[in-house]
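Letter by letter, the chains look like this.
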2 protein chains.
Amino acid sequence: MSPTIKDIAQLLHLSVSTVSKALNEYPDVAPETKQRVQEAARLLDYSPNVIAQRLQSRRTGTLGFVVYYGGNSISDPLFNELLASMLDAAAHHQYDLLVSGCPSGTSRPAAYERMIKTGRVDGFIVDGTDRHDDRIAYLCREEIPFVAFGRTDQNLDFPYVDVDGRAGVCQAVQHLIDLGHQRIGFIGLPSFSFCAHDRRQGYETALQTNDLPLESDLMVEVEAGSEENGYRAMVQLLELSHPPTAVMVSSDLMAIGALRAAQERNLAVGHDLALIGFDDISLAAYTHPPLTTLRQPMAEIGQRLVDMLVCLLENKPLPERHVILLPPLIVRQSSGERRDNP
Amino acid sequence: MSPTIKDIAQLLHLSVSTVSKALNEYPDVAPETKQRVQEAARLLDYSPNVIAQRLQSRRTGTLGFVVYYGGNSISDPLFNELLASMLDAAAHHQYDLLVSGCPSGTSRPAAYERMIKTGRVDGFIVDGTDRHDDRIAYLCREEIPFVAFGRTDQNLDFPYVDVDGRAGVCQAVQHLIDLGHQRIGFIGLPSFSFCAHDRRQGYETALQTNDLPLESDLMVEVEAGSEENGYRAMVQLLELSHPPTAVMVSSDLMAIGALRAAQERNLAVGHDLALIGFDDISLAAYTHPPLTTLRQPMAEIGQRLVDMLVCLLENKPLPERHVILLPPLIVRQSSGERRDNP
DNA sequence: ATTATATACTAAAACGTTTTCGGTGTCAAG
DNA sequence: CTTGACACCGAAAACGTTTTAGTATATAAT
């Protein structure tokens, strides 16, 4: 077994309390003994047992992160970046990150309930919020510390970080309009998801602002943000009697599918057809043509999520309770040049 | 605070020991009291505190998984699938999975040392092995339970799951040869990585078996498996005075880059040029043309890794100490049809 | 000389479990 | 009536820490 505080105490003929205090920089221990204790600790290769510390302090020093296989959580191409930045930030604050799946057959709040009630974690990061989110409702009701990546349409006040999908898409669509497009399609995701709805709203407001009509034919909604679904949605748009000249796509993965659909019909994307995606996944810069898209700053998001959660857990005041980040528009070739004949 | 065993004991005028035993199905507790205890537990909404359980049992019930930002660990497109299947399997065995980054500035074994010595985890899953891997050496030396995804060239006996990259690539290259190709290129990764070296060997043995010469010009090695690197490597091959007619690429992401390089030169992949990737990432089926590739069965890999580690931790005999899975060749269009004029 | 104060240490409780051991009480066998 | 067996329950220790309260000694103030 690894050495304990008791071993150090016996070695130096001290009590465990003195050793503990020496290791934790208490004032009431002689500088000389402090020295001796620390040397002995090094000698024995001692590390404190975190389990015992957690039991005594009643804090786990662990952040919970529940992922879903079905949803766009773990299968999202940006998931890796989010996880990496959260791990980084958590380590920085000396916290662990416990990732947990949601066992199929149990409700979503149940996964959170289990983790908090059994004392596995101190709080949660929840991502991929719905407009009406049962997890958020549960966590608010039970007053469990958490920070969400995403907002909801419920009337609940909770700390979150989010990307302004509405403003982002609005800007992107405006860009298309400025390029001379009049018929602009939209490929979106089911609107129970907050961000899906948010992005759609950005599309609608951009059109309305420019006195362009909203045509339901031009807006297609798919179930999940896969390449395949983007392909199919694009096919549907291109088969319209009066197809769009530009399409705003809610995710890069779908945009890649849309790209393929257009190319199979011998449309030169960036010329015959403008396309804009959302996410700026690493591949986006390398499609043919490179994809114009809205970048989600995942590194910053992950870091702010855990910074905020740590504040909450340590009862420090939160600098900002609601953080909304603007996704910059990364203009590449898929959105094309200015059109002469609209 | 959440209720403890003590609360139940007080409510029923019992001792904590009897309550504990009632909850854990001990034989020496009357059926009737057992009943009463379980009802009270339900009434109070009691869940056992895992921290206390862990301290008492000296087992954490937690599997450790260390990821690196730099390496091909977390940035790998298959990482998500691996993580998902490990989470699933871990939950099935009632284990937690603690994911930890490797703080920059510390050595790789140090990350493992910290987790095990502080009692955060019972054992590890390590992935992305090198031919000479300091982490594996450390874990073996310290006799810390772990299972690796990947082998090494060190003379160490440890349990692992791996994909037979050599046999897989050999089969793929043989497929190209059977299609009539004589000049076959190879785009690989740095050979300190075991699997990179393994795949290259598959390429070499396939050529040798067919009495084809090994030309160093045709083998290019890049630093990381990105789209960009695949693109550059392909450009290099195509600029050869006598370029290959087929190329085996060590990862799908690079293959996508290679695809782009070929297309920019107006080569019809699957016709003028054959291309085979490795991984079968979700996008592989949706490139243009769809990518022939070797599938890594991540779901099975993740599950077997944790099944094996759990066996180790519970002192159960390991059904197989070394599992080697054959990556099936998924033939799509990028490898093309049989060539008439070789 | 007495009291106050500071210094350096220890004992003991606590965190919430599990588990060993011993102690009842009941009942049947001798 | 004694003995043992059995069924049921509780006391207590243990896991490795932290922290509170307290003790002993030395030093300073009165």
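About the criteria used
- Residues numbered from 1 in each chain as written.
- Chains lettered and ligands numbered in written order.
- Predicted model: local features only at pLDDT ≥ 70, side-chain atom pairs only at ≥ 80, totals over all residues.
- Heavy atoms only, no water.
- Near = heavy atom within 4 Å.
- Polar contact = N/O pair within 3.5 Å; in protein donor to acceptor, adjacent residues only side chain to side chain.
- Helix = DSSP H or I, 4+ residues; strand = E, 2+ residues; numbered from the N terminus.
- Nonpolar A, V, L, I, M, F, W, Y, C, P; charged D, E, K, R; others polar.
- Least-squares fit on C-alpha atoms with pLDDT ≥ 70 in both.
- Contact = heavy atoms within 4.5 Å.
- Buried area = accessible area lost by both parts, 1.4 Å probe.
- Salt bridge = Lys/Arg side-chain N within 4 Å of Asp/Glu carboxyl O.
- Domains from an automatic or database assignment.
- 1 Å grid on protein atoms, 1.4 Å probe; cavity = no way out; pocket = protein on both sides within 12 Å on 5 of 7 lines; lining within 4 Å.
- Points joined across faces, edges and corners; volume = space filled by probe spheres on them.
- Phe/Tyr/Trp six-rings, centres within 6.5 Å; stacked < 30°, edge-to-face > 60°.
- Buried < 20%, exposed > 50% of the residue type's maximum accessible area, 1.4 Å probe, protein only.
- Lys NZ or Arg CZ within 6 Å of the ring centre and 35° of its normal.

### Examining the protein's contact with DNA strand D
Inspection of the region around DNA strand D gives 28 residues, with Ser-20 and Tyr-26 of chain A together with Thr-18, Lys-21 and Asp-28 of chain B positioned closest. At a separation of 3.0 Å, a phosphate oxygen of DNA strand D approaches a polar side-chain atom of Tyr-46 of chain A. Between DNA strand D and Ser-17 of chain B there is a distance of 3.2 Å, counted from a base nitrogen to a side-chain nitrogen or oxygen. Counting residues per element, the ones that place at least two in the surface near DNA strand D are α2 (16-23) and α4 (50-57) of chain A together with α2 (16-23), α3 (31-44) and α4 (50-57) of chain B. When its residues are assigned to classes, the surface near DNA strand D shows 10 nonpolar, 14 polar and four charged.

### Some details on the relation of the copies chain B and chain A
For the pair chain B and chain A, the best superposition has an RMSD of 0.1 Å and corresponds to a rotation of 180 degrees with a translation of 0.0 Å parallel to the axis. The transformation just described matches what one would write down for a two-fold rotation axis. Taking C-alpha positions as reference, the residue of chain B nearest the rotation axis is Leu-98 of chain B, located at 2.5 Å.

### Structural notes on the interface of chain B and chain A
Across the boundary between the two partners, chain B contributes 44 residues, which contact 44 residues of chain A. Together chain B and chain A conceal approximately 3,900 Å² of surface at their shared face, both sides included; 63% is due to carbon and sulfur atoms. Across the chain B-chain A interface, the total number found is four salt bridges. The partner of Asp-96 of chain A in a salt bridge is Arg-120 of chain B, and the shortest N-O contact between them spans 2.8 Å.

### Notes on the domain arrangement of chain A
Domain annotation of chain A identifies domain 1 (5-48), domain 2 (62-163 + 298-325) and domain 3 (165-295). Computed from C-alpha atoms alone, the centre-to-centre distance between domain 1 of chain A and domain 3 of chain A is 64 Å.

### What about empty space enclosed by the protein?
By the definition in use, this model includes one cavity of 30 Å³ or more. Lining the largest cavity, in full, are Ile-51, Arg-54, Thr-62, Asp-96, Leu-98 and Arg-120 of chain A together with Arg-54, Thr-62, Asp-96, Leu-98 and Arg-120 of chain B. For the lining of the largest cavity, the elements supplying multiple residues, two or more each, are α4 and β2 (96-101) of chain A together with β2 (96-101) of chain B. The residue makeup of the lining of the largest cavity, split by class, is three nonpolar, two polar and six charged.

### Here's the deal with the layout of surface pockets
Its volume calculated, the second largest pocket comes out at about 1,800 Å³. Lys-117, Thr-118 and Gly-119 of chain A together with Asn-49 and Val-50 of chain B are the residues nearest the centre of the second largest pocket, which is lined by 48 residues in total. Going through the elements one at a time, α4, α6 (108-117) and α12 (298-313) of chain A together with α2 and α4 of chain B are the ones with two or more residues in the lining of the second largest pocket. Per-element tally for the lining of the second largest pocket: the top contributor is α4 of chain B, with seven residues. Looking at the lining of the second largest pocket residue by residue, the classes come out as 18 nonpolar, 17 polar and 13 charged.

### Focus on the packing of aromatic side chains
Following the criterion strictly, the structure yields 10 aromatic pairs over all chains and no others. A centroid spacing of 6.2 Å and a plane angle of 15 degrees characterise the contact between Phe-65 of chain A and Phe-79 of chain A, whose relative ring orientation is stacked. Taken as a pair, Phe-65 of chain A in strand β1 (residues 62-67) and Phe-79 of chain A in helix α5 (residues 79-92) lie far apart in primary sequence, 14 residues in all. Here Phe-65 of chain A and Phe-79 of chain A have matching classes, each one buried. Arranged with centres 4.8 Å apart and planes meeting at 25 degrees, the rings of Phe-186 of chain B and Tyr-203 of chain B form a pair that is stacked. Residue Phe-186 of chain B is located in strand β6 (residues 184-188), and its partner Tyr-203 of chain B is located in helix α9 (residues 194-209); the two are separated by 17 residues in the primary sequence. A relative accessible area of 0% means that Tyr-203 of chain B is categorised as buried. An aromatic cluster of at least three residues, connected via ring pairs, comprises Phe-146, Phe-158 and Tyr-160 of chain A. Looking at Arg-199 of chain B, its charged tip hangs above the ring of Phe-278 of chain B, at a distance of 3.7 Å from the centre.

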